[in-house]
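Fold and geometry: a report
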Amino acid sequence: MALKSKPFSEQVALVTGGGTGIGRAFAGALASAGARVVIASRNEATLQSTADELNSAAGAERVFAYAFDVRDRGQCEAVVRHCVERFGALDVLVNNSGLAVPETVEEITEEGWDKVLETNLKGAMRLVRAALPVMAAQEFGDIVNVSSQAGKHGYADVPSYCASKWGLLGFAESVRDHVRKSGANIRVFNFCPGLVDVENTATGREPRPGFVHVSNMARTLLYALSLDRNIVLEDINIYSRG
């Protein structure tokens with residue numbers, strides 16, 4: 001039996017951390033492809049400014065701001081409900097919210113460790129847990145996790161960040177195994193970028209040496225999502241040769 005597919009113009013996406021950097025680039029690409037995109041983070045002013053700019057670029061109202069804290073369980077569940085109640089679906093979940101607290105292994109604080117793990121890992125788990133039943137019921141969905149090369153290599157100055165990104169990949173493997181065994185038409189993608197230039201993001205602007213321009217991330221996202229539904233693309237390693 002053929003797996004259900006939907007053109008981007010009929011899809012609804014939720015991008016956490018969508019106001020800046022990688023999340024903004026993802027949101028812009030999805031909106032340009034025709035999707036309706038909810039961008040969510042704590043900074044409402046930044047979100048609204050980004051939504052206005054992306055809508056102007058798209059020539060249509062396709063990007064919508066939603067202020068929430070990924071570290072709050074109730075707010076994670078509420079943003080998923082918001083997508084379904086307002087737009088009738090949730091087709092793409094992009095877990096992009098993330099932060100790092102630089103601390104050496106010997107100087108790790110409980111506060112720093114908890115802040116990073118709550119944001120980068122537990123928040124993603126809560127959103128996936130809320131979104132999975134929606135995607136299963138509509139027989140269509142994609143989950144995109146923004147991990148890192150720090151999810152594959154340990155770095156002494158950001159141990160909590162590395163732990164969160166390794167954990168995100170492990171959690172994604174479990175989700176992938178779950179949807180495979182249940183037969184759900186849900187795919188799980190992991191982006192594992194190297195250094196990404198989130199400062200020089202304008203089109204045509206040269207990234208810093210050794211950094212990836214966010215536009216490459218965005219184009220890769222659209223490529224991955226446009227593959228046939230029966231194609232498996234798991235970890236996407238992307239980094240600069242410079």
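First, a word on what this report is: a plain description of the structure on this page. (Residues numbered from 1 in each chain as written. Predicted model: local features only at pLDDT ≥ 70, side-chain atom pairs only at ≥ 80, totals over all residues. Heavy atoms only, no water.)

Another aspect to go through is the pairing of strand S6 (residues 186-193). For S6, the buried fraction is high: eight of the eight residues fall into the buried class. By the alternation rule, side chains of S6 split into Ile186, Val188, Asn190 and Cys192 and Arg187, Phe189, Phe191 and Pro193, which are all buried. The pairing of strand S5 (residues 141-146) with S6 spans six bridges and is parallel. Across the sheet, Asp142 pairs through a bridge with Arg187, a residue of S6. Crossover connection from S5 via helix H5 (residues 159-182) to parallel S6: handedness right-handed. Summarising the sheet, S6 and strand S9 (residues 235-238) pair through four bridges and their orientation is parallel. Of the residues in S9, the one forming a bridge with Cys192 is Asn237. (Buried < 20%, exposed > 50% of the residue type's maximum accessible area, 1.4 Å probe, protein only. Helix = DSSP H or I, 4+ residues; strand = E, 2+ residues; numbered from the N terminus. Pairing = 2+ DSSP bridges. Right-handed = clockwise from strand over helix to strand, strands pointing away.)

Okay, the packing of helix H1 (residues 21-32) against helix H6 (residues 214-226) next. With their axes 8 Å apart at the nearest point, H1 and H6 run at an angle of 50° to one another. Put simply, H1 runs oblique to H6. The handedness of the crossing between H1 and H6 is right-handed. Side by side, H1 and H6 meet where Gly21, Ile22, Ala25, Phe26, Ala29 and Leu30 of the first sit next to Val214, Met217, Ala218, Leu221, Leu222 and Leu225 of the second. Considered class by class, the residues forming the contact of H1 with H6 number eleven nonpolar, one polar and no charged. (Axes fitted to C-alpha atoms, helices over the stretch in contact; angles between N-to-C directions. Parallel < 35°, antiparallel > 145°, perpendicular 65-115°, else oblique. Left-handed = near helix turned anticlockwise from the far one by under 90°. Contact = heavy atoms within 4.5 Å. Nonpolar A, V, L, I, M, F, W, Y, C, P; charged D, E, K, R; others polar.)

Let's shift gears to the layout of surface pockets. Its boundaries defined by the atoms lining it, the largest pocket holds a volume of some 1,000 Å³. Looking at the largest pocket, it is lined by 38 residues, and the ones nearest its centre are Ile22, Asn96, Gly98, Leu99 and Tyr161. Elements with a minimum of two residues in the lining of the largest pocket: H1 and H5. Per-class residue counts for the lining of the largest pocket are 16 nonpolar, 16 polar and six charged. In this structure, the second largest pocket encloses a volume near 410 Å³. Lining the second largest pocket are 19 residues, with Arg24, Ala25, Leu54, Thr201 and Thr203 sitting closest to its centre. Only H1, helix H2 (44-58) and H6 provide two or more residues apiece to the lining of the second largest pocket. With six residues, the top contributor of residues to the lining of the second largest pocket is H1. (1 Å grid on protein atoms, 1.4 Å probe; cavity = no way out; pocket = protein on both sides within 12 Å on 5 of 7 lines; lining within 4 Å. Points joined across faces, edges and corners; volume = space filled by probe spheres on them.)

The next subject is the sheet that holds strand S3 (residues 63-67). Across a sheet, paired strands are connected by hydrogen bonds in the backbone, their directions being either parallel or antiparallel. Taken in spatial order, the seven strands of this open sheet run S3-S2-S1-S4-S5-S6-S9, and their pairing is parallel. Of all strands in the sheet, those with a lone pairing partner are S3 and S9, marking the two edges. On average, each strand axis in the sheet is tilted by 20° relative to the strand beside it, whichever way the strands run. Against the sheet, H5 engages S5, S6 and S9, with an angle of about 160° to S6. The sheet strands contacting H6 are strand S4 (92-95), S5, S6 and S9, and the helix crosses S6 at an angle near 155°.

Look at helix H4 (residues 110-138): 40 Å from first C-alpha to last across 29 residues, which is about the 42 Å you get at 1.5 Å a residue. Of all the bends in H4, the greatest measures close to 40° and is centred on Glu118. Count one or two residues on from H4 and you reach Glu139, which has phi positive near 60°. (Expected span 1.5 Å × (residues − 1). Bend = angle between axes of the 7 residues up to and from the residue.)

As a further point, take the nonpolar core. Core analysis: the largest hydrophobic core is formed by 33 residues, its most contacted members being Phe26, Leu30, Val37, Ile39, Val144, Met217 and Leu225. Per-element accounting of this core gives the leading share, seven residues, to H1. Judged by nonpolar contacts, the second largest core, of 28 residues, contains Tyr66, Ala131, Met135 and Ile186. (Core = buried A, V, L, I, M, F, W, Y, C linked by side-chain atoms within 4.5 Å.)

Turning our attention to the packing of aromatic side chains. Applying the stated criterion across every chain, the model contains two aromatic pairs. Between Phe64 and Phe87, the aromatic rings sit 4.9 Å apart at their centres with planes inclined by 50°, giving tilted as the arrangement. With Phe64 in strand S3 and Phe87 in helix H3 (residues 73-87), the pair connects residues that are 23 residues apart, well separated along the chain. Among the residues examined, Phe87 registers a relative accessible area of 11% and is labelled buried. Of note, Arg208 hangs over the ring of Phe211, and the distance from its end group to the ring centre comes to 4.1 Å. The ring of Phe140 carries Arg229 above its face, with NZ or CZ at 4.1 Å from the centroid. (Phe/Tyr/Trp six-rings, centres within 6.5 Å; stacked < 30°, edge-to-face > 60°. Lys NZ or Arg CZ within 6 Å of the ring centre and 35° of its normal.)

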